[in-house]
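Structure assessment
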Amino acid sequence: MIDLLDFRHELHRFPELSGEESVTATRILKYLGECSPSQIINNLGGHGVAAIFDSGEAGETVLLRCELDALPILETGQPPYRSTVDGKGHLCGHDGHMAIIMGVAQRLAKRPIARGRVVLLFQPAEETGIGAPSVLADEKFAAIRPDFAYALHNLPGMPLGHIGLKSGSLCFASEGLNMSFLGRTSHASHPEDAITPQNALVELMSTLNSLPEQLGIDPEKTLVTICHARLGLPAFGITPGDGDLFAAFRAETDALQAKLIASAAQYARDCAEKHGLKITVDYNEKFAACDNDETAVANIRDAAVGLNLPIIDIDKPFRWSEDFGAFSAAGKTALFVLGSGKNCPQLHAPDYDFPDGIINTGVDMFEQITRKHCG
Ligand SMILES: [Zn+2]
Ligand SMILES: [Zn+2]
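Residues numbered from 1 in each chain as written. Chains lettered and ligands numbered in written order. Predicted model: local features only at pLDDT ≥ 70, side-chain atom pairs only at ≥ 80, totals over all residues. Heavy atoms only, no water.

Things to note about the domain arrangement of the protein
According to the domain assignment, the protein consists of domain 1 (4-170 + 289-374) and domain 2 (173-287). Computed over C-alpha atoms only, the centres of domain 1 and domain 2 are separated by 36 Å. Every contact between the two is made by 13 residues of domain 1 and, on the other side, 11 residues of domain 2. With both chains or domains summed, domain 1 and domain 2 bury close to 890 Å², and 52% of this area falls on carbon and sulfur atoms. Area buried by domain 1 at its contact with domain 2 is led by Ala289, Arg319 and Ser321, which between them contribute 53% of it. Put simply, domain 1 and domain 2 have one salt bridge between them. Note that Lys316 is salt-bridged to Glu220, the shortest N-O span being 3.3 Å. Summed over the shared surface of domain 1 and domain 2, the result is five residue pairs in polar contact (both at pLDDT 80 or more). Counted by class, the side of domain 1 that touches domain 2 contains three nonpolar, four polar and six charged residues. (Domains from an automatic or database assignment. Contact = heavy atoms within 4.5 Å. Buried area = accessible area lost by both parts, 1.4 Å probe. Salt bridge = Lys/Arg side-chain N within 4 Å of Asp/Glu carboxyl O. Polar contact = N/O pair within 3.5 Å; in protein donor to acceptor, adjacent residues only side chain to side chain. Nonpolar A, V, L, I, M, F, W, Y, C, P; charged D, E, K, R; others polar.)

Here it is in structure tokens:
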């Protein structure tokens with residue numbers, strides 16, 4: 001069986017972006033085969049791979065999930081296993097998460113479970129939020145629908161190897177709106193003949209940031225980020241006739257998020273109408289909030305206590321998103337965080353690198369959780 005550090009470094013050398021993870025999937029299939037799972041499902045929701053370890057006895061189905069994709073960021077760190085693909089890097093630690101799940105496969109091969117089934121899911125396209133919903137929508141998913149689903153994410157800034165836990169919302173929901181306005185251009189010397197989106201864009205930019213307060217939502221529970229704005233062309237002879245605004249919306253729960261998104265889209269449409277503009281609103285990169293089930297969190301806590309690992313109780317949800325939240329629709333779910341160390345660069349930073357020292361901690365945690373359900 002492959003050494004897990006070697007496996008992580010091999011994945012790190014050959015990063016692939018969301019939706020393009022075919023070589024990564026092939027690499028995983030090669031090493032999974034050595035662990036003799038009962039069944040392997042391929043091309044699940046894209047390049048996803050699921051390995052099923054079936055005891056043949058009645059019991060629960062437990063799903064453990066990791067992610068396949070890397071990021072379109074140039075790695076500036078200099079590990080000996082540095083990315084060989086220019087402009088792409090495993091800078092969220094998904095290489096480490098894959099090594100952890102491969103480690104679980106190796107443990108289950110050495111000591112098979114006594115009851116129920118374990119599904120090890122290597123999920124595609126997490127970074128764009130498309131992967132988890134695509135896996136859920138794939139008809140092949142019906143055969144592996146879990147009673148419980150677990151995932152971890154490494155977390156820079158948290159002490160190395162510490163386990164971070166929280167019931168309820170752990171990560172915000174998020175979604176990006178592209179609001180595109182169309183009016184009419186004119187000569188720059190005759191702006192009175194144009195229908196320019198200038199004022200609509202200005203009003204939207206200032207209003208969207210204060211939208212949560214206007215809706216009476218606790219501003220701590222939501223976040224609006226104006227990400228990109230465009231008005232006309234970089235020219236001096238034209239009064240602009242079109243413009244775009246990209247804004248990202250985040251909220252602690254899916255219900256709050258739905259309210260925020262609906263209000264923002266309505267406000268943008270009203271703004272367009274007021275200024276005589278046409279508008280199209282596109283919705284992008286939708287992530288559900290991660291709503292951690294209490295029983296599942298208790299199982300993670302028991303595992304950490306059993307392994308003597310330090311636990312940190314997280315009081316407020318993270319403002320970042322994880323598409324693992326989508327699995328709440330299929331069963332009881334919990335995502336926990338695993339500390340990558342106080343001095344580890346942040347996720348998506350160009351010099352980030354998953355710390356090898358926590359691979360075994362992750363494997364131990366998932367094995368302990370699995371044994372609780374499946375023996
Ligand atoms: Zn990421
Ligand atoms: Zn990630």
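Quick notes on the coordination of the zinc ion (ligand 2)
Distances from the zinc ion (ligand 2) to its protein donors, Cys92 (SG), His94 (NE2) and His153 (NE2), fall within 2.1 to 2.3 Å. When the donor residues of the zinc ion (ligand 2) are listed from N- to C-terminus, their spacing reads C-x1-H-x58-H. A separation of 3.2 Å is found between the zinc ion (ligand 2) and the zinc ion (ligand 1), both of which receive a donor from Cys92. Both residues of the pair, Cys92 and His94, count as buried. (Donors = N, O, S within 2.8 Å, 3.2 Å for Na, K, Ca; no water. Buried < 20%, exposed > 50% of the residue type's maximum accessible area, 1.4 Å probe, protein only.)

A few points about the coordination of the zinc ion (ligand 1)
Binding of the zinc ion (ligand 1) to the protein goes through Cys92 (SG), Glu127 (OE), Glu127 (OE) and His348 (NE2), at separations of 2.0 to 2.6 Å. Relative to the metal, the four donor atoms surrounding the zinc ion (ligand 1) lie at angles of 53 to 151°, and the coordination shape comes out irregular. Counting the intervening residues between successive donors of the zinc ion (ligand 1) yields the motif C-x34-E-x220-H. His348 gets classed as partly exposed once you look at its relative accessible area, which sits at 33%. (Tetrahedral: all angles 85-135°; square planar, octahedral: opposite > 155°, others 65-115°.)

Some thoughts on the sheet that holds strand S8 (residues 173-182)
Strand order in the open sheet made by the four strands is S10-S12-S8-S13, with antiparallel pairing throughout. The strands lining the two open edges of the sheet, one partner per strand, are strand S10 (222-231) and strand S13 (278-287). If you compare each strand with its neighbour and ignore which way they point, the axes differ by 15° on average. Sheet analysis places S8 next to strand S12 (residues 242-251), joined by 10 bridges and oriented antiparallel. Following the sheet pairing, Ser174 is matched in S12 by Arg250. Each of S8, S10 and S12 touches helix H5 (residues 198-209); the most contacted strand, S10, lies at about 165° to it. Across the face of the sheet, helix H7 (residues 254-274) comes into contact with S8, S10, S12 and S13 while running at roughly 10° to S8. (Pairing = 2+ DSSP bridges. Helix = DSSP H or I, 4+ residues; strand = E, 2+ residues; numbered from the N terminus. Axes fitted to C-alpha atoms, helices over the stretch in contact; angles between N-to-C directions.)

Notes on the side chain of Glu67
Looking at the secondary structure, you find Glu67 in strand S3 (residues 61-67). A distance of 3.4 Å separates the side chain of Glu67 from the side chain of Arg65, its partner in a polar contact. Here the side chain of Glu67 touches His94 through a polar contact of 3.5 Å, side chain to side chain.

As for the packing of aromatic side chains
Counted under the stated rule, the structure contains six aromatic pairs. Relative to Phe327, the ring of Phe141 lies with its centre 6.2 Å away and its plane at 50°, an arrangement referred to as tilted. Residue Phe141 is found in the loop between helix H4 (131-137) and strand S5 (148-155), and its partner Phe327 is found in the loop between strand S15 (311-313) and strand S16 (332-339); the two are separated by 186 residues along the sequence. Residue class for Phe327 comes out buried when judged on its relative accessible area of 1%. The structure contains a cluster of three or more aromatic residues connected by ring pairs, namely Phe141, Phe324 and Phe327. (Phe/Tyr/Trp six-rings, centres within 6.5 Å; stacked < 30°, edge-to-face > 60°.)

Let's talk about the sheet that holds S16
Spatially, eight strands are ordered S1-S2-S4-S3-S5-S16-S6-S15 in an open sheet, and the strand pairing comes out mixed. Two strands in the sheet have a free side with no partner beyond their single neighbour: strand S1 (39-44) and S15. When the angles between neighbouring strand axes are averaged without regard to direction, this sheet yields 25°. Bridge count for strand S6 (residues 163-165) against S15 is three bridges, and the pairing is parallel. Residue pairing for S15: Gly164 is matched across the bridge by Ile312.

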